[in-house]
Amino acid sequence: MSEHAHSGGGGGPRHRTVELAIASATMLFGLIVIYGSIQAGITWGVEGPRAGFFPFYLGLLIVGGSLVTIAQVLLASDRDRLFAEWGQLRLVLAVIIPALVYVAIIPWLGIYVASALLILVFMIWIGRNPLWWSLTIGLGLPLVTFVVFERLFLIPLPKGPLERMLGF
Amino acid sequence: MEELANLFHGFAVVLQPHNILLMLAGIVLGVIIGVLPGLGGANGIAILLPLTFAMPPTSAIIMLSCIYWGALFGGAITAILFNIPGEPWSVATTFDGHPMAQQGKAGEALTTAFTSSFIGAFVAVVMITFFAPLIADFALKFGPAEFFSVYFLTFASFVGLDKSPPAKTIVSMMIGFALAAVGLDSITGQLRLTFGFTSLLNGFDFLIAVIGLFGIGEILIAMEEGLAFRGVRAGINPKVVWQTWKELLRYWKTALLGSIIGCWMGIKPGGATPGSFMSYGVAKKLSPNGAKFGSGHPEGIVAPETAAHAAGTSALLPMISLGIPGSPTAAVLLGGLLIWGLQPGPLMFVEQKEFVWGLIASMYLGNVVGLIVVLTCVPLFAAILRIPFSVIAPVILVLCAIGAYTVHNSAFDVVVMMLFGVVGYLLRKCDYPLAPMVLAIVLGDKAEEAFRQSLLASQGSFAIFWSNGLVSTIMALGLVALFWPLIQSLLAQWRTRARQAY
């Protein structure tokens, strides 16, 4: 998918920068795993290999693989390739930010109200869909979900003040 | 022929009316999942898994495996009508499928694809019927060292066979293993890698990872590409189907070859995609119509589709017989088995006869039902793709959140799922393969257990992995798979040098 040719103007972050950032992040993750394994004990105990024995080597492999990736990126020649254009990233953020707000408000508002809000916000502001269509999906889907989960399959989902007010 | 008797018993289970209904529901849901961007077999099944907790395991697996068949069929619809491969193994289908559709032969192209898929799957199911019990029987003799060597082979194949850079495959896989290691150590009962966070006590559930990595990650990628679907309209009527079938008879050799390549590649993890390309390439070389491939020749659809479906189906062989899934979707099905209280592995053939043979029987019937459903309902499914993405995206987000919540009834899991989604988007953009990570999260604990138990038995000596013919052979195969790209280039060098010497 990353070979997708992006034509047109518009700058953006370089692919190389993102690659290096990710490889550094995986290396940090590997170091954390190594640290945690040493805490748990990587030696041979009375009961055999101790809890950190196996993860320790995983950490080493992660750090090693990350270093190889960093070296490969530094040696690669396509320095000017873009990761994505700013316009594209704005679209991606337009999903990530509402989605993060959505998962954050689920514990307070319950999943049904939060879902309705997410769909309405997304369909009206980002998708510019007609209002009646947005309302149909935005209110319809949570209602259908409610019937399917709470009534048919008896699986309780998180509920908030609205559901309490209605007596569920 | 004990297998046949068991199989007929399986058919009797599957043919109960409510199971047939579940089968139909599964196929329809599966095709929808396969057609929608952002939902694939793996995360679609992961999201629907909680709905099956209350069902008897046999009914549940029938429905879920039918979702899988449906998703496999669905991938061909998007590939042919919209030139968008719904799954990576549909890429080769677009080469000839989309040109055919553009020439106004969309109905023929779809019929060819569906029929080929059906043939590929059918050959693979026949293979599973006879080989799975044999392998399971053989595996009953496995000790921890043998099991570890099979895990080693599984993961080594990812490194050697995947197109991604080996360093990235290893990093992605090891992160999966590390995530699986978080929490309570199953052997010593000690806590590890939790760093004092109580929410990490139980570790990371792979279902949450699958929903995030594949579901949310996919939506973000689709969003970035600003999907504007411009598809070809298609109608299928009985006349088109009949004529296409008559023509397809001529390509039986390609179909058989594709099925065999698919079965062979599918047993190895991640084999469906290389299998479909390999089959396309081989057919192009061997077929008298090879020169016409790429311009919209039906044989160019037969080759990759038979292979992809045979591979997708035979990926279930190691899952049923050894408890080792060959693909992320098989991994999710395996996760389902654990939740329903079944222990996957060779013992299933002894202890859970009805379940295993019910599953195998449902593979036969599911593919027949699937073929009928897709042939009759194509326009309906293609219409789904014309729904604007700004409607599909939030709806799928909500479904992912519900799916993630219901796994453990935990709102924290929903947050973790979102984080996995963002990470998945970044990793995918940078060519890190996600399937090895998911499989490592699923198999991490078992692989570690096998590793430590073998070392315990040998007092810490690694020689146990070379201690008998069986375990050494599997380990050697694993090493070959691991260094396959290196071996291949060495062989090529050696060949050119030999030629120069003449």
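Note that the structure is a prediction, hence the values are computed from the model and not measured.

Novice: Before we go on, may I ask you to explain the overall build of chain B in this structure?
Specialist: Scanning chain B from terminus to terminus reveals 21 helices and two strands. Taken over the C-alpha trace, chain B has a radius of gyration of 22 Å; the compact-globule value for 502 residues is 23 Å, and the two agree within 12%. Seen along its three principal axes, the alpha-carbon backbone of chain B occupies a region of about 70 × 70 × 50 Å. Considering chain B as a whole, with its 502 residues, one finds that 62% of them fall into the buried category. Contacts spanning at least 24 positions in sequence make up 80% of the contacts within chain B whose residues lie at least 6 apart.

Novice: Would you mind going over the overall build of chain A with me for this structure?
Specialist: Assigned secondary structure in chain A consists of six helices and two strands. N-terminal to C-terminal, the α/β element order of chain A is α-β-β-α-α-α-α-α. For 168 residues, the compact-globule estimate of 2.2 N^0.38 gives 15 Å, and chain A exceeds it by more than 25% at 24 Å. Each principal axis of the C-alpha atoms in chain A carries an extent, and together these give about 60 × 60 × 25 Å. Of all 168 residues assigned to chain A, the portion counted as buried reaches 30%. For chain A, long-range pairs separated by at least 24 residues make up 61% of all intrachain contacts whose partners lie at least 6 apart in sequence.

Novice: I would appreciate a short explanation of the interface of chain A and chain B in the present structure.
Specialist: Accessible area lost upon the coming together of the parts serves often as the stated size of an interface. On the side of chain B, 55 residues touch chain A, which itself brings 57 residues to the contact. At the level of elements, helix 1 (15-40), strand 2 (48-49), helix 2 (53-75), helix 3 (86-109), helix 4 (111-126) and helix 5 (131-152) of chain A are the ones that each hand at least two residues to the side of chain A that touches chain B. Across the side of chain A that touches chain B, the residue classes break down as 38 nonpolar, 16 polar and three charged.

Novice: Mind showing me how you'd approach the confidence of the model for chain B here?
Specialist: Any segment with low pLDDT has predicted coordinates that should not be analysed in fine detail. With 97% of its residues at a pLDDT of at least 70, chain B reaches an overall mean of 86. In the model output, the complex is listed with pTM 0.86 alongside ipTM 0.89.

Novice: I tried to follow the domain arrangement of chain A on my own but got confused; where do I start?
Specialist: Taken domain by domain, chain A consists of domain 1 (15-75) and domain 2 (86-165). Taken over C-alpha atoms, the centre of domain 1 of chain A sits 38 Å from the centre of domain 2 of chain A.

Novice: Any chance you could explain the packing of helix 4 of chain A against helix 17 (residues 389-408) of chain B here in plain terms?
Specialist: When two helices pack together, their arrangement is given by the angle between the helix axes and the distance between those axes. Closest axis-to-axis distance for the helix 4 of chain A/helix 17 of chain B pair is 8 Å, and the angle between their directions is 160°. With respect to helix 17 of chain B, the axis of helix 4 of chain A lies roughly antiparallel. For the crossing formed where helix 4 of chain A meets helix 17 of chain B, the hand is right-handed. Only S390(B), V391(B), A393(B), P394(B), V395(B), L397(B), V398(B), A401(B), I402(B) and Y405(B) of helix 17 of chain B make contact with helix 4 of chain A, whose side of the interface consists of I111(A), S115(A), L118(A), I119(A), F122(A), M123(A) and I126(A).

Novice: Just to check I follow, could you spell out helix 3 of chain A for this structure?
Specialist: An α-helical segment advances 3.6 residues per turn. Residues three or four places apart therefore align on the same side. When the terminal C-alpha atoms of helix 3 of chain A are compared, their 33 Å separation across 24 residues agrees well with the 34 Å that a helix rising 1.5 Å per residue should span. The sharpest bend along helix 3 of chain A comes to roughly 30°, located at V103(A), with the proline P107(A) sitting one to four residues further on. Looking only at helix 3 of chain A, the buried set comprises V95(A), A99(A), Y102(A), V103(A) and I106(A). Where helix 3 of chain A is buried, its residues touch helix 4 of chain A together with helix 8 (206-224), helix 17 and helix 18 (411-429) of chain B.

Novice: What exactly am I supposed to notice about the nonpolar core here?
Specialist: Grouped burial of nonpolar side chains is what soluble globular proteins tend to show. V210(B) and V438(B) are the most contacted members of the largest nonpolar core, which has 220 residues in total. At 21 residues, the largest contribution of residues to this core is made by helix 5 (residues 91-139) of chain B. Summarising the domain contributions, this core has at least three residues from each of domain 1 (15-75) and domain 2 (86-165) of chain A. In this structure V210(B) touches A42(B), N43(B), A46(B), P328(B), V332(B) and V438(B), once residues within four positions along its chain are discounted.

Novice: Is there a simple way to think about helix 5 of chain A in this case?
Specialist: All names here are of chain A. The terminal C-alpha atoms of helix 5 lie 30 Å apart, and with 22 residues this matches the ideal 32 Å at 1.5 Å per residue to within 8%. For helix 5, every residue scored as buried is listed here: S134, G138, P142 and F149. Contacts from the buried residues of helix 5 go to helix 4. Positive phi shows up at L154, right after helix 5, with a value of about 55°.

Novice: Quick question: what am I supposed to make of the packing of helix 4 (residues 57-82) of chain B against helix 5 of chain B here?
Specialist: All names here are of chain B. One can describe the packing of helix 4 onto helix 5 by two numbers: an axis separation of 9 Å at closest approach and a directional angle of 165°. The angle between helix 4 and helix 5 places the two elements in the roughly antiparallel class. Crossing of helix 4 over helix 5 shows right-handed handedness. Here L72, F73, A76, I77, A79, I80 and L81 of helix 4 come into contact with helix 5, specifically with T93, T94, G97, H98, A101, A106, A109, L110, A113, F114 and S117. When the residues that make up the contact of helix 4 with helix 5 are grouped by side-chain class, the tally is 13 nonpolar, five polar and no charged.

Cut-offs used in this document
Residues numbered from 1 in each chain as written. Chains lettered and ligands numbered in written order. Predicted model: local features only at pLDDT ≥ 70, side-chain atom pairs only at ≥ 80, totals over all residues. Helix = DSSP H or I, 4+ residues; strand = E, 2+ residues; numbered from the N terminus. Rg over C-alpha atoms; globule rule 2.2 N^0.38 Å. Buried ≥ 20, exposed ≤ 12 C-beta atoms within 10 Å, placed from the backbone. Contact = placed C-beta atoms within 7 Å. Nonpolar A, V, L, I, M, F, W, Y, C, P; charged D, E, K, R; others polar. pLDDT = per-residue confidence, 0-100. Domains from an automatic or database assignment. Axes fitted to C-alpha atoms, helices over the stretch in contact; angles between N-to-C directions. Parallel < 35°, antiparallel > 145°, perpendicular 65-115°, else oblique. Left-handed = near helix turned anticlockwise from the far one by under 90°. Expected span 1.5 Å × (residues − 1). Bend = angle between axes of the 7 residues up to and from the residue. Core = buried A, V, L, I, M, F, W, Y, C linked by C-beta atoms within 7 Å.

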